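Now for the letters of each chain:
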Number of protein chains: 2
Amino acid sequence: MAERNTRQKQAVLGALKESSTPLGVADILSIAREAVPTLSQATVYRILNRLLKKRKIVTVQLPGEAPLYEPAGRGHHHFFRCRRCQSMYEVAGCDELLGRLTPSNFTLEGHDLFLYGLCDSCN
Amino acid sequence: MAERNTRQKQAVLGALKESSTPLGVADILSIAREAVPTLSQATVYRILNRLLKKRKIVTVQLPGEAPLYEPAGRGHHHFFRCRRCQSMYEVAGCDELLGRLTPSNFTLEGHDLFLYGLCDSCN
DNA sequence: GTCGTTGCAAAGCGTTTGCAGCCTA
DNA sequence: TAGGCTGCAAACGCTTTGCAACGAC
């Protein structure tokens, strides 16, 4: 029952925390393998699922793509992806706006939002 | 090169057009098989991909779920899913709001939005 | 008759799981 | 030492693809 602190878990969490953008499983695997070369994919998935369950990390779902992961507590934000250079930028300040879209008598509990277009540099 | 009009394609498009909500592949398959019992999954996927390429239909991506499909031209809208009864409701009128979230010097070309919470009846 | 389309089965990709051995507490 | 954790490989669900037969034009 006790939560154990393994090198694998530290490596996965470390990779996520050191990255300024959300990471996919392949990214996590190759970064974490610098610290733990024998790390397997299955273990990464199991660690991610444990961390998700304990709400230490959060998933970022871009439509039609494999999920990305980032540490919890980075605040509520969404992402803008540049269609040309694929960079991801954070966007904040959506809550007041979205409340207006909710039909009356409905309770809005959460939302997902994803913007895409051209970034500053590519414009 | 010419576009052919097969029973399979008619059945798939028919299923989508007769439904008031977006459908998943399994739904499409079972509805369209009423008209074409031998219809295979692979064919459904191929038809959907052709229709997507020709922009006759559109995908609805709910985070972490298999994609749904609906005919193009139903207008720009997003979905609200009730967490209790799983019903999907349409939501419109987001564009003016989202422009405000875009950083200056960025060009917003599109977005995806998904709301969830409790619907009228479940509230 | 042509050649786009179909059905089947196999393969692909991301993710999960069974199992035996490992290692943290 | 116990039992959570790991690595491997097999299995999974969804989607795509190779191939030979089919059928719309």
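Structure first, text after, so check above.
Here's what I pulled together on the structure shown here. (Residues numbered from 1 in each chain as written. Chains lettered and ligands numbered in written order. Predicted model: local features only at pLDDT ≥ 70, side-chain atom pairs only at ≥ 80, totals over all residues. Heavy atoms only, no water.)

### Notes on the interface of chain B and chain A
Next, step 1: Facing the 32 residues of chain B at the interface are 32 residues of chain A.
Next, step 2: Joining chain B to chain A, the criterion identifies two salt bridges.
Next, step 3: The shortest N-O distance in the salt bridge between Arg83 of chain A and Glu109 of chain B comes to 2.5 Å.
Next, step 4: Elements that contribute at least two residues to the side of chain B that touches chain A include exactly strand S4 (88–91), helix H4 (95–99) and strand S5 (107–118) of chain B.
Next, step 5: By residue number, the principal contributor to the side of chain B that touches chain A is S5 of chain B, which donates twelve residues. (Contact = heavy atoms within 4.5 Å. Salt bridge = Lys/Arg side-chain N within 4 Å of Asp/Glu carboxyl O. Helix = DSSP H or I, 4+ residues; strand = E, 2+ residues; numbered from the N terminus.)

### Quick look at the sheet that holds S5 of chain B
Next, step 1: Ordered by their spatial adjacency, six strands build an open sheet running S4(A)-S3(A)-S5(A)-S5(B)-S3(B)-S4(B), and the pairing between neighbours is mixed. Each edge of the open sheet is held by one strand with a lone partner, namely strand S4 (88–91) of chain A together with S4 of chain B. The sheet shows a mean angle of 25° between the axes of neighbouring strands, direction not considered.
Next, step 2: Bridging between strand S3 (residues 78–82) of chain A and strand S5 (residues 107–118) of chain A involves four bridges; their strand directions are parallel. Bridge pairing in S5 of chain A links Arg81 of chain A to Tyr116 of chain A. (Pairing = 2+ DSSP bridges. Axes fitted to C-alpha atoms, helices over the stretch in contact; angles between N-to-C directions.)

### Description of the pairing of S3 of chain A
Residues and elements named next belong to chain A.
Next, step 1: Of all five residues that make up S3, five are buried, and the element is covered over most of its length.
Next, step 2: What you see with S3 is no split at all: His78, Phe80 and Cys82 on one side and Phe79 and Arg81 on the other are buried throughout.
Next, step 3: Pairing of S3 with S4, which is carried by four bridges, proceeds in the antiparallel orientation. Directly across from Arg81, in S4, lies its bridge partner Met88.
Next, step 4: Linking S3 back to S4 in an antiparallel pair, the connection comprises five residues, with Gln86 at a positive phi of about 70°. (Buried < 20%, exposed > 50% of the residue type's maximum accessible area, 1.4 Å probe, protein only.)

### Quick notes on helix H1 (residues 7–18) of chain A
All names here are of chain A.
Next, step 1: The terminal C-alpha atoms of H1 lie 16 Å apart, and with twelve residues this matches the ideal 16 Å at 1.5 Å per residue to within 8%.
Next, step 2: The set of residues buried in H1 consists of Lys9, Ala11, Val12, Leu13, Ala15 and Leu16.
Next, step 3: Buried residues along H1 sit in contact with helix H2 (25–32), helix H3 (41–53), strand S1 (57–60) and strand S2 (68–71). (Expected span 1.5 Å × (residues − 1).)

### Some remarks on the nonpolar core
Next, step 1: Grouped together as the largest cluster of nonpolar side chains are 26 residues, with contacts concentrated most on Leu101, Leu113 and Leu115 of chain A together with Leu101, Leu113 and Leu115 of chain B.
Next, step 2: Going through the elements one at a time, S3, helix H4 (95–99) and S5 of chain A together with strand S3 (78–82), H4 and S5 of chain B are the ones with two or more residues in this core.
Next, step 3: Setting aside residues no more than four positions away along its own chain, Leu101 of chain A makes contact with Val91, Ala92, Gly93, Cys94, Leu97, Leu113 and Leu115 of chain B. (Core = buried A, V, L, I, M, F, W, Y, C linked by side-chain atoms within 4.5 Å.)

### Concerning unusual backbone geometry
Residues and elements named next belong to chain A.
Next, step 1: A positive phi angle is found at Arg55, which is not glycine, with a value near 60°.
Next, step 2: The topology assignment puts Arg55 in the loop between H3 and S1.
Next, step 3: At Gln86, a position not held by glycine, the phi torsion is positive, near 70°.
Next, step 4: Positionally, Gln86 belongs in the loop between S3 and S4.

### Focus on the environment of Leu62 of chain A
Residue and element names in this part refer to chain A.
Next, step 1: By the element assignment, Leu62 lies in the loop between S1 and S2.
Next, step 2: In this structure, the C-alpha to C-alpha distance between Leu62 and Ser30, residues 32 residues apart in sequence, is 21 Å.
Next, step 3: Excluding residues within four positions of it along the chain, Leu62 makes contact with Arg81, Met88 and Phe114.

### Here we look at the environment of Ser87 of chain A
Residue and element names in this part refer to chain A.
Next, step 1: Mapped onto the fold, Ser87 is located in the loop between S3 and S4.
Next, step 2: The exposure class of Ser87 is partly exposed, given its relative accessible area of 27%.
Next, step 3: Spatially, the C-alpha atom of Ser87 lies 9.5 Å from that of Thr21, the residues being 66 residues apart in sequence.

### Digging into the relation of the copies chain B and chain A
Next, step 1: When chain B is brought onto chain A, the operation consists of a screw motion whose angular component is 180° and whose axial shift is 0.0 Å, with 0.1 Å RMSD remaining. Here the copies are linked by what is in effect a two-fold axis. Taking the C-alpha atom as reference, chain B places Leu113 of chain B closest to the rotation axis, 2.2 Å from it.
Next, step 2: When the interface residues of chain B are mapped onto chain A, 100% of them again fall at the interface, so both copies present the same face. (Least-squares fit on C-alpha atoms with pLDDT ≥ 70 in both.)

On their own, these measurements won't tell you what the molecule is for.
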